[in-house]
Amino acid sequence: MSALIYLYLTATLLFWSSMEVLTKPLMSQVDPFFLTFFRFFVGGVFLLVFVRRKIPFKDILSLALVGSINGVLSMSLLQLSVKFSNASTAATLMATNPLFVTVFSLILGKEKLSVKRFLSVAIGLVGIMILSYGRIEGDSIVGLLLGIGAAITFALYAVLMRDFTLKYGSLDATAVSIFSAGLIYGLLLILTRNLRIPQINIPQWLILIYAGVFVTGLAYVTYFKAMEKLGPSRTSLVFYLKPVVASFLALWLLSEPIGAFKIAGTGVIVLALLLR
């Protein structure tokens, strides 16, 4: 593995593991819906720079609908999970999405059931139950359910995106889906009169810009650059390590408590992801 590929993977892991941790302190001042809209619109604009293929309007509409499952639904649930639970808990639950990708792939006939896949999903569910049972200060049932909902809906998005990524390339399809989701989100907020621009200071705006440009934009570029050389399976290492890295960042930056059940639940979830 070259140093550049290692850099791509490390950057992707740090960007995606830091999102919940860095945005958690903003939740008392920034509307979760505005934050999600902002990062998808800004990240989408950034990603459009890298689009090289011409996509027919019909498929752009389809990508917009599929992208909304991610941007409007899944990421809103994730940000609400961050608001109502610990950042590390939301990050760990979100990282279980590959397990639900397996479930949707089986339901839609895109994969065949195997003992390994069955064990992966079963063990992952056990990990989620351990994490839920041993919830610590800062966690809530609502936050846990929102995090699980975010993982499930993101998994559906990932499965529905497969045909588009095969047809147009991962980066191009993702860029269009994210930018479209940002546009749709903004229109929904305007039409429902819920576009509440926060009154925050410059450092807090910089966190929002970071969430848009780096987490929702650049991270996808580095992820797909790594995938070009390593393939999907080895690149998915970032999902396996996210619970660990996010928990460490939350402990370091937010002083979030880490109990025995949380350590055990996170460990079981990482094991399930590795089995996949």
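Above this text sits the structure in question.
Before going into details, it helps to say that this report is about the structure given with it. (Residues numbered from 1 in each chain as written. Predicted model: local features only at pLDDT ≥ 70, side-chain atom pairs only at ≥ 80, totals over all residues. Heavy atoms only, no water.)

Details of the overall build of the protein
And then number 1: Each helix and strand counted, the protein has 11 helices and 0 strands in total.
And then number 2: Along the chain direction, N to C, the helices and strands of the protein fall in the order α-α-α-α-α-α-α-α-α-α-α.
And then number 3: Taking 276 residues into account, the globule formula puts the C-alpha radius of gyration at 19 Å, and the protein, at 18 Å, falls close to it.
And then number 4: The C-alpha extent of the protein, read off along each of the three principal axes, is 50 × 50 × 40 Å.
And then number 5: In the protein, of all internal contacts separated by at least 6 residues, the share reaching a separation of at least 24 is 88%.
And then number 6: Total accessible area on the protein is roughly 12,800 Å²; 72% of this is exposed by carbon and sulfur atoms. (Helix = DSSP H or I, 4+ residues; strand = E, 2+ residues; numbered from the N terminus. Rg over C-alpha atoms; globule rule 2.2 N^0.38 Å. Contact = heavy atoms within 4.5 Å. Areas by Shrake-Rupley, 256 points an atom, 1.4 Å probe, with all protein chains shown as cover.)

Observations concerning the packing of aromatic side chains
And then number 1: Taken as a whole and judged by the stated rule, the model has 16 aromatic pairs.
And then number 2: Ring geometry for F46 and F50: centres 5.5 Å apart, planes at 55 degrees, overall tilted.
And then number 3: Overall, the relative accessible area of 25% leaves F46 in the partly exposed class.
And then number 4: Judged by relative accessible area, which is 29%, F50 ranks as partly exposed.
And then number 5: Counting every residue linked through ring pairs, the aromatic cluster contains F34, F37, F38, F41, F179 and W205.
And then number 6: Here K83 stacks its cationic end above the ring of F84, 6.0 Å away from the centre of that ring. (Phe/Tyr/Trp six-rings, centres within 6.5 Å; stacked < 30°, edge-to-face > 60°. Buried < 20%, exposed > 50% of the residue type's maximum accessible area, 1.4 Å probe, protein only. Lys NZ or Arg CZ within 6 Å of the ring centre and 35° of its normal.)

Remarks on helix 5 (residues 97–107)
And then number 1: Burial analysis of helix 5 places 8 of its 11 residues in the buried class, which makes it a mostly covered element.
And then number 2: Taken as a whole, helix 5 has its buried residues at N97, P98, L99, F100, V101, T102, F104 and S105.

Some points on the packing of helix 2 (residues 32–48) against helix 8 (residues 170–191)
And then number 1: Running from N to C, helix 2 and helix 8 cross one another at 140 degrees; their axes reach a closest spacing of 8 Å. Relative to helix 8, the element helix 2 lies oblique. Regarding helix 2 and helix 8, the two cross each other, and that crossing is left-handed. Within the contact between the two elements, helix 2 uses F33, F34, T36, F37, F40, F41, G43, G44, V45, L47 and L48 and helix 8 uses L171, A175, I178, F179, A181, G182, L183, Y185, G186 and L189.
And then number 2: When its residues are assigned to classes, the contact of helix 2 with helix 8 shows 16 nonpolar, 5 polar and no charged. (Axes fitted to C-alpha atoms, helices over the stretch in contact; angles between N-to-C directions. Parallel < 35°, antiparallel > 145°, perpendicular 65-115°, else oblique. Left-handed = near helix turned anticlockwise from the far one by under 90°. Nonpolar A, V, L, I, M, F, W, Y, C, P; charged D, E, K, R; others polar.)

Observations concerning the nonpolar core
And then number 1: Among the nonpolar cores identified, the biggest contains 77 residues, and W16 and L208 are the most heavily contacted of them.
And then number 2: Look past the residues within four positions of L208 in its chain and what remains in contact with it is L26, V30, F34, L35, F38, P198 and I200. (Core = buried A, V, L, I, M, F, W, Y, C linked by side-chain atoms within 4.5 Å.)

Considerations on the side chain of E256
And then number 1: Relative to the helices and strands, E256 is located in the loop between helix 10 (237–254) and helix 11 (260–275).
And then number 2: Within the local environment of E256, its side chain forms a polar contact with the side chain of S88, the two groups lying 2.8 Å apart.
And then number 3: Contacts of E256, omitting those with residues within four sequence positions, involve N86, A87, S88, A250, L251 and K262. (Polar contact = N/O pair within 3.5 Å; in protein donor to acceptor, adjacent residues only side chain to side chain.)

Concerning the environment of L208
And then number 1: Looking at the element boundaries, L208 is found in helix 9 (residues 202–235).
And then number 2: Sequence spacing of L208 and W16 is 192 residues, and the spatial spacing of their C-alpha atoms is 14 Å.

Some thoughts on the pattern of salt bridges
And then number 1: Per the stated rule, a full pass over the model turns up 3 salt bridges.
And then number 2: R196 serves as the salt-bridge partner of D31, at 3.6 Å between the closest nitrogen and oxygen. Taken together, the positions of D31 in the loop between helix 1 (3–23) and helix 2 and R196 in the loop between helix 8 and helix 9 put the pair 165 residues apart, joining distant regions of the chain.
And then number 3: Residue D31 is classed as buried on the basis of its relative accessible area of 13%.
And then number 4: When the shortest N-O distance is used, the salt bridge between K167 and D59 registers 3.0 Å. Note that K167 is positioned in helix 7 (residues 141–168) and D59 in helix 3 (residues 57–84), a separation of 108 residues in sequence. (Salt bridge = Lys/Arg side-chain N within 4 Å of Asp/Glu carboxyl O.)

Describing helix 1
And then number 1: Its 21 residues place the ends of helix 1 30 Å apart at the C-alpha level, agreeing with the 30 Å of an ideal helix rising 1.5 Å per residue.
And then number 2: Along helix 1, the helix axis deviates most sharply at S17, where the bend reaches about 30 degrees. (Expected span 1.5 Å × (residues − 1). Bend = angle between axes of the 7 residues up to and from the residue.)

Some remarks on a nonpolar patch on the surface
And then number 1: On the surface, L113, V115, F118 and L119 cluster together into a nonpolar patch covering about 430 Å² of accessible area.
And then number 2: Structurally, F118 is set in helix 6 (residues 115–133). (Patch = residues over 30% accessible without salt bridge, like charges linked within 9 Å, V, L, I, M, F, W, Y side chains within 5 Å.)

Any functional reading would require information that these geometric values do not contain.
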